[in-house]
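Remarks on the overall topology
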Amino acid sequence: MFVIIGIVVVLVCCLGSYVAMGGKLSVLNQPLEFVIILGSGIGAFVAGNPMSIIKGSIAGVVAGLKGPKIKKAHYVELLSMMFDLFKLAKQKGMMALEPHVEKPESSDIFSKYPLVMSDHHVEEFIRDYLRMLTLGTEKAHELESVIDAEIDSHHKTDHLHVAALQTFADALPALGIVAAVMGVIKTMGAMDQPPAVLGGLIGAALVGTFAGVLMAYGIFGPIAAAAKNSLEADSRIYDVIKAGILAYMQGYAPAVAIEMARKTIPASERPSFYDLEAALGK
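Presented here is an overview of the structure given in this document. (Residues numbered from 1 in each chain as written. Predicted model: local features only at pLDDT ≥ 70, side-chain atom pairs only at ≥ 80, totals over all residues. Heavy atoms only, no water.)

Take the nonpolar core next. Within the largest apolar cluster, 43 residues are counted, with the highest numbers of intra-cluster contacts made by L78, M81, F86, I126, L130 and I245. Setting aside residues no more than four positions away along its own chain, F86 makes contact with L130, G244, I245, Y248, P254, A257 and I258. I7, L172, A179 and A211 belong to the second largest nonpolar core, which has 17 residues in total. (Core = buried A, V, L, I, M, F, W, Y, C linked by side-chain atoms within 4.5 Å. Buried < 20%, exposed > 50% of the residue type's maximum accessible area, 1.4 Å probe, protein only. Contact = heavy atoms within 4.5 Å.)

If you want it as C-alpha coordinates, here you go:
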(Lines give C-alpha, C1' and ligand atoms only; values in the text may rest on other atoms or scores of the structure.)
Protein backbone atom coordinates (compact mmCIF):
# COMPACT_ATOMS: atom_id res chain seq x y z
CA MET A 1 0.00 0.00 0.00
CA PHE A 2 2.77 2.46 0.92
CA VAL A 3 4.49 1.75 -2.41
CA ILE A 4 1.36 2.80 -4.29
CA ILE A 5 0.96 5.88 -2.09
CA GLY A 6 4.58 6.82 -2.71
CA ILE A 7 4.26 6.44 -6.47
CA VAL A 8 1.10 8.58 -6.45
CA VAL A 9 2.99 11.29 -4.51
CA VAL A 10 5.80 11.19 -7.09
CA LEU A 11 3.36 11.58 -9.99
CA VAL A 12 1.34 14.32 -8.29
CA CYS A 13 4.47 16.30 -7.42
CA CYS A 14 5.97 15.99 -10.90
CA LEU A 15 2.85 16.52 -12.99
CA GLY A 16 1.25 18.96 -10.53
CA SER A 17 4.32 21.19 -10.51
CA TYR A 18 4.50 21.01 -14.29
CA VAL A 19 0.89 22.17 -14.60
CA ALA A 20 1.43 24.87 -11.93
CA MET A 21 4.27 26.27 -14.04
CA GLY A 22 1.89 26.61 -16.94
CA GLY A 23 2.66 23.36 -18.72
CA LYS A 24 -0.01 21.52 -20.67
CA LEU A 25 -0.59 17.84 -19.92
CA SER A 26 -1.65 17.27 -23.52
CA VAL A 27 1.97 17.79 -24.56
CA LEU A 28 2.95 14.78 -22.44
CA ASN A 29 0.39 12.59 -24.19
CA GLN A 30 2.85 10.83 -26.46
CA PRO A 31 1.79 7.18 -26.37
CA LEU A 32 4.32 6.03 -28.96
CA GLU A 33 7.17 7.35 -26.82
CA PHE A 34 5.93 5.15 -23.98
CA VAL A 35 5.58 2.21 -26.37
CA ILE A 36 9.22 2.62 -27.40
CA ILE A 37 10.44 2.81 -23.79
CA LEU A 38 8.27 0.20 -22.08
CA GLY A 39 8.00 -2.10 -25.08
CA SER A 40 11.77 -2.16 -25.61
CA GLY A 41 12.35 -2.58 -21.86
CA ILE A 42 9.98 -5.51 -21.61
CA GLY A 43 11.47 -7.09 -24.72
CA ALA A 44 14.99 -6.80 -23.32
CA PHE A 45 13.78 -8.16 -19.98
CA VAL A 46 12.26 -11.23 -21.65
CA ALA A 47 15.35 -11.72 -23.84
CA GLY A 48 17.73 -11.57 -20.89
CA ASN A 49 15.97 -13.82 -18.38
CA PRO A 50 14.71 -17.43 -18.30
CA MET A 51 11.02 -18.05 -17.68
CA SER A 52 11.61 -18.95 -14.03
CA ILE A 53 13.15 -15.52 -13.37
CA ILE A 54 10.39 -13.76 -15.32
CA LYS A 55 7.69 -15.49 -13.27
CA GLY A 56 9.58 -14.87 -10.04
CA SER A 57 10.04 -11.19 -10.92
CA ILE A 58 6.32 -10.79 -11.55
CA ALA A 59 5.67 -12.39 -8.17
CA GLY A 60 8.24 -9.99 -6.73
CA VAL A 61 6.33 -7.00 -8.13
CA VAL A 62 3.16 -8.30 -6.48
CA ALA A 63 5.05 -8.81 -3.21
CA GLY A 64 6.49 -5.31 -3.43
CA LEU A 65 3.07 -3.75 -3.96
CA LYS A 66 1.33 -5.82 -1.26
CA GLY A 67 4.14 -5.82 1.29
CA PRO A 68 5.38 -8.80 3.35
CA LYS A 69 2.81 -11.59 3.67
CA ILE A 70 4.30 -13.11 6.83
CA LYS A 71 2.72 -11.32 9.77
CA LYS A 72 2.67 -11.71 13.53
CA ALA A 73 -0.22 -14.20 13.30
CA HIS A 74 1.88 -16.47 11.06
CA TYR A 75 4.69 -16.54 13.61
CA VAL A 76 2.28 -17.29 16.47
CA GLU A 77 0.91 -20.26 14.50
CA LEU A 78 4.38 -21.43 13.53
CA LEU A 79 5.70 -21.38 17.09
CA SER A 80 2.55 -23.08 18.37
CA MET A 81 2.85 -25.81 15.75
CA MET A 82 6.52 -26.40 16.53
CA PHE A 83 5.73 -26.56 20.24
CA ASP A 84 3.06 -29.21 19.64
CA LEU A 85 5.41 -31.24 17.43
CA PHE A 86 8.36 -31.01 19.84
CA LYS A 87 6.12 -31.88 22.79
CA LEU A 88 4.86 -34.98 20.96
CA ALA A 89 8.41 -36.04 20.11
CA LYS A 90 9.49 -35.49 23.71
CA GLN A 91 6.66 -37.62 25.09
CA LYS A 92 6.50 -40.45 22.53
CA GLY A 93 9.78 -40.35 20.69
CA MET A 94 10.85 -38.92 17.38
CA MET A 95 9.11 -41.63 15.36
CA ALA A 96 5.76 -40.32 16.59
CA LEU A 97 6.26 -37.38 14.20
CA GLU A 98 6.39 -39.61 11.12
CA PRO A 99 2.64 -39.86 10.35
CA HIS A 100 2.28 -36.09 10.79
CA VAL A 101 5.25 -35.37 8.52
CA GLU A 102 4.30 -37.83 5.79
CA LYS A 103 0.56 -37.05 5.71
CA PRO A 104 0.09 -33.48 6.91
CA GLU A 105 -3.40 -33.31 5.41
CA SER A 106 -4.59 -35.90 7.94
CA SER A 107 -2.49 -34.61 10.85
CA ASP A 108 -4.43 -33.24 13.80
CA ILE A 109 -1.44 -30.97 14.53
CA PHE A 110 -0.81 -29.49 11.08
CA SER A 111 -4.53 -29.00 10.46
CA LYS A 112 -4.77 -26.71 13.50
CA TYR A 113 -2.56 -24.09 11.81
CA PRO A 114 -4.04 -22.99 8.45
CA LEU A 115 -1.78 -19.94 8.02
CA VAL A 116 1.35 -22.09 8.11
CA MET A 117 -0.22 -24.74 5.87
CA SER A 118 -1.27 -22.10 3.33
CA ASP A 119 2.39 -21.45 2.47
CA HIS A 120 3.60 -24.51 0.59
CA HIS A 121 7.28 -23.61 0.86
CA VAL A 122 7.18 -23.08 4.62
CA GLU A 123 5.20 -26.28 5.16
CA GLU A 124 7.62 -28.27 3.02
CA PHE A 125 10.63 -26.75 4.79
CA ILE A 126 9.33 -27.81 8.21
CA ARG A 127 8.39 -31.29 7.06
CA ASP A 128 11.72 -31.92 5.32
CA TYR A 129 13.78 -31.24 8.43
CA LEU A 130 11.42 -33.01 10.81
CA ARG A 131 11.63 -35.99 8.46
CA MET A 132 15.41 -35.90 8.81
CA LEU A 133 14.98 -36.06 12.58
CA THR A 134 12.73 -39.13 12.28
CA LEU A 135 15.37 -40.74 10.07
CA GLY A 136 17.94 -40.49 12.84
CA THR A 137 19.78 -37.19 12.31
CA GLU A 138 21.44 -36.42 15.63
CA LYS A 139 24.24 -33.90 15.04
CA ALA A 140 22.82 -30.39 15.22
CA HIS A 141 25.86 -28.69 13.64
CA GLU A 142 25.67 -30.92 10.57
CA LEU A 143 21.95 -30.26 10.12
CA GLU A 144 22.61 -26.54 10.61
CA SER A 145 24.98 -26.58 7.64
CA VAL A 146 22.32 -28.19 5.44
CA ILE A 147 19.65 -25.71 6.57
CA ASP A 148 22.00 -22.77 6.00
CA ALA A 149 22.75 -24.01 2.48
CA GLU A 150 19.05 -24.24 1.65
CA ILE A 151 18.27 -20.82 3.11
CA ASP A 152 21.21 -19.35 1.19
CA SER A 153 19.91 -20.91 -2.02
CA HIS A 154 16.49 -19.40 -1.32
CA HIS A 155 18.06 -15.96 -0.77
CA LYS A 156 20.05 -16.20 -4.00
CA THR A 157 16.92 -17.05 -5.97
CA ASP A 158 15.09 -14.05 -4.51
CA HIS A 159 18.13 -11.88 -5.31
CA LEU A 160 17.99 -12.96 -8.96
CA HIS A 161 14.34 -11.88 -9.18
CA VAL A 162 15.05 -8.50 -7.59
CA ALA A 163 18.18 -7.98 -9.70
CA ALA A 164 16.16 -8.60 -12.86
CA LEU A 165 13.59 -5.99 -11.79
CA GLN A 166 16.32 -3.50 -10.92
CA THR A 167 18.04 -4.05 -14.27
CA PHE A 168 14.73 -3.36 -16.02
CA ALA A 169 14.36 -0.11 -14.07
CA ASP A 170 17.97 0.91 -14.73
CA ALA A 171 17.49 0.43 -18.49
CA LEU A 172 14.55 2.82 -18.78
CA PRO A 173 16.52 6.13 -18.79
CA ALA A 174 18.70 4.87 -21.66
CA LEU A 175 15.64 3.69 -23.56
CA GLY A 176 14.10 7.11 -22.90
CA ILE A 177 17.10 8.64 -24.64
CA VAL A 178 16.55 6.25 -27.55
CA ALA A 179 12.96 7.46 -27.82
CA ALA A 180 14.11 11.10 -27.61
CA VAL A 181 16.74 10.62 -30.32
CA MET A 182 14.18 9.02 -32.60
CA GLY A 183 11.94 12.03 -31.98
CA VAL A 184 14.80 14.39 -32.85
CA ILE A 185 15.44 12.44 -36.06
CA LYS A 186 11.77 12.87 -36.92
CA THR A 187 12.05 16.60 -36.17
CA MET A 188 15.12 16.96 -38.41
CA GLY A 189 13.11 15.52 -41.26
CA ALA A 190 10.51 18.24 -40.84
CA MET A 191 12.76 21.32 -40.84
CA ASP A 192 10.63 22.90 -43.57
CA GLN A 193 7.68 23.13 -41.16
CA PRO A 194 6.76 26.34 -39.30
CA PRO A 195 8.20 26.98 -35.78
CA ALA A 196 4.95 25.97 -34.05
CA VAL A 197 5.09 22.53 -35.64
CA LEU A 198 8.81 22.10 -34.92
CA GLY A 199 8.26 23.11 -31.31
CA GLY A 200 5.63 20.40 -30.91
CA LEU A 201 7.93 17.80 -32.44
CA ILE A 202 10.83 18.77 -30.19
CA GLY A 203 8.56 18.71 -27.15
CA ALA A 204 7.31 15.25 -28.08
CA ALA A 205 10.90 14.03 -28.44
CA LEU A 206 11.88 15.33 -25.02
CA VAL A 207 8.94 13.48 -23.46
CA GLY A 208 10.94 10.29 -24.06
CA THR A 209 13.81 11.40 -21.82
CA PHE A 210 11.38 12.67 -19.18
CA ALA A 211 9.32 9.47 -19.19
CA GLY A 212 12.32 7.14 -19.08
CA VAL A 213 13.88 8.88 -16.07
CA LEU A 214 10.56 9.25 -14.22
CA MET A 215 9.57 5.62 -14.69
CA ALA A 216 13.03 4.39 -13.67
CA TYR A 217 13.51 6.39 -10.49
CA GLY A 218 9.93 7.24 -9.58
CA ILE A 219 8.07 3.98 -10.31
CA PHE A 220 9.97 0.81 -11.20
CA GLY A 221 13.08 1.46 -9.07
CA PRO A 222 11.00 1.88 -5.89
CA ILE A 223 8.95 -1.21 -6.80
CA ALA A 224 12.17 -3.25 -7.14
CA ALA A 225 13.36 -1.95 -3.74
CA ALA A 226 9.99 -2.77 -2.15
CA ALA A 227 10.10 -6.26 -3.67
CA LYS A 228 13.54 -6.82 -2.15
CA ASN A 229 12.35 -5.70 1.28
CA SER A 230 9.20 -7.85 1.14
CA LEU A 231 11.02 -10.98 -0.01
CA GLU A 232 13.70 -10.56 2.66
CA ALA A 233 11.08 -10.04 5.37
CA ASP A 234 9.15 -13.15 4.33
CA SER A 235 12.29 -15.29 4.16
CA ARG A 236 13.10 -14.70 7.84
CA ILE A 237 10.53 -17.32 8.80
CA TYR A 238 13.01 -19.98 7.69
CA ASP A 239 15.56 -18.71 10.22
CA VAL A 240 12.91 -19.01 12.93
CA ILE A 241 12.21 -22.63 11.98
CA LYS A 242 15.95 -23.33 11.94
CA ALA A 243 16.44 -21.85 15.42
CA GLY A 244 13.60 -23.92 16.90
CA ILE A 245 14.67 -27.23 15.39
CA LEU A 246 18.34 -26.81 16.31
CA ALA A 247 17.47 -25.79 19.88
CA TYR A 248 15.30 -28.89 20.30
CA MET A 249 18.03 -31.11 18.82
CA GLN A 250 20.48 -29.74 21.37
CA GLY A 251 18.31 -31.09 24.19
CA TYR A 252 16.31 -28.07 25.25
CA ALA A 253 12.74 -28.54 26.43
CA PRO A 254 10.04 -27.69 23.86
CA ALA A 255 9.10 -24.46 25.65
CA VAL A 256 12.74 -23.31 25.75
CA ALA A 257 13.33 -24.24 22.09
CA ILE A 258 10.27 -22.24 21.06
CA GLU A 259 11.40 -19.25 23.11
CA MET A 260 14.78 -19.36 21.37
CA ALA A 261 13.00 -19.39 18.03
CA ARG A 262 10.74 -16.51 19.09
CA LYS A 263 13.75 -14.30 19.82
CA THR A 264 14.91 -14.58 16.20
CA ILE A 265 11.67 -13.07 14.83
CA PRO A 266 12.01 -9.44 13.63
CA ALA A 267 10.91 -7.07 16.39
CA SER A 268 8.11 -5.55 14.31
CA GLU A 269 6.36 -8.94 13.97
CA ARG A 270 7.56 -10.73 17.10
CA PRO A 271 4.79 -11.91 19.45
CA SER A 272 5.49 -11.22 23.09
CA PHE A 273 6.21 -14.01 25.53
CA TYR A 274 2.72 -13.58 26.95
CA ASP A 275 1.08 -13.56 23.49
CA LEU A 276 2.69 -16.91 22.78
CA GLU A 277 1.84 -18.24 26.21
CA ALA A 278 -1.81 -17.37 25.61
CA ALA A 279 -1.75 -19.04 22.18
CA LEU A 280 -0.33 -22.20 23.71
CA GLY A 281 -3.08 -22.21 26.34
CA LYS A 282 -0.72 -22.17 29.29
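This part takes up the packing of aromatic side chains. The description of an aromatic ring pair rests on the distance of the ring centres and on the angle between the ring planes. Counted under the stated rule, the structure contains six aromatic pairs. Aromatic pair F45 and F168: ring centres 6.1 Å apart, planes at 75°, arrangement edge-to-face. Remark: F168 occurs in helix α9 (residues 140-188) and F45 occurs in helix α3 (residues 31-48); sequence separation between them is 123 residues. In this structure, F45 and F168 share a single accessibility class: buried. Seen from their ring centres, F168 and F220 are 5.2 Å apart, and the 90° between their planes marks the pair as edge-to-face. A residue pair is termed long-range when its members are at least 10 positions apart, and F168 in helix α9 and F220 in helix α10 (residues 195-249) qualify at 52 residues. Through successive ring pairs, a cluster of aromatic residues spans F45, F168 and F220. (Phe/Tyr/Trp six-rings, centres within 6.5 Å; stacked < 30°, edge-to-face > 60°. Helix = DSSP H or I, 4+ residues; strand = E, 2+ residues; numbered from the N terminus.)

Attention now moves to helix α8 (residues 120-134). Here α8 contains 15 residues, and its C-alpha end-to-end distance of 21 Å stays within 8% of the 21 Å for a straight helix at 1.5 Å per residue. Of the positions making up α8, those classed as buried are V122, E123, F125, I126, R127, Y129, L130, L133 and T134. Contacts made by the buried residues of α8 are with α5 (72-92), α6 (98-102), α7 (114-117), α9 and α10. At the N-terminal end of α8, a side-chain oxygen is found 3.1 Å from the backbone nitrogen of H121, two or three residues along, and the residue is D119. Positioned one or two residues after α8, G136 has a phi angle of 110°, which is positive. (Expected span 1.5 Å × (residues − 1). Polar contact = N/O pair within 3.5 Å; in protein donor to acceptor, adjacent residues only side chain to side chain.)

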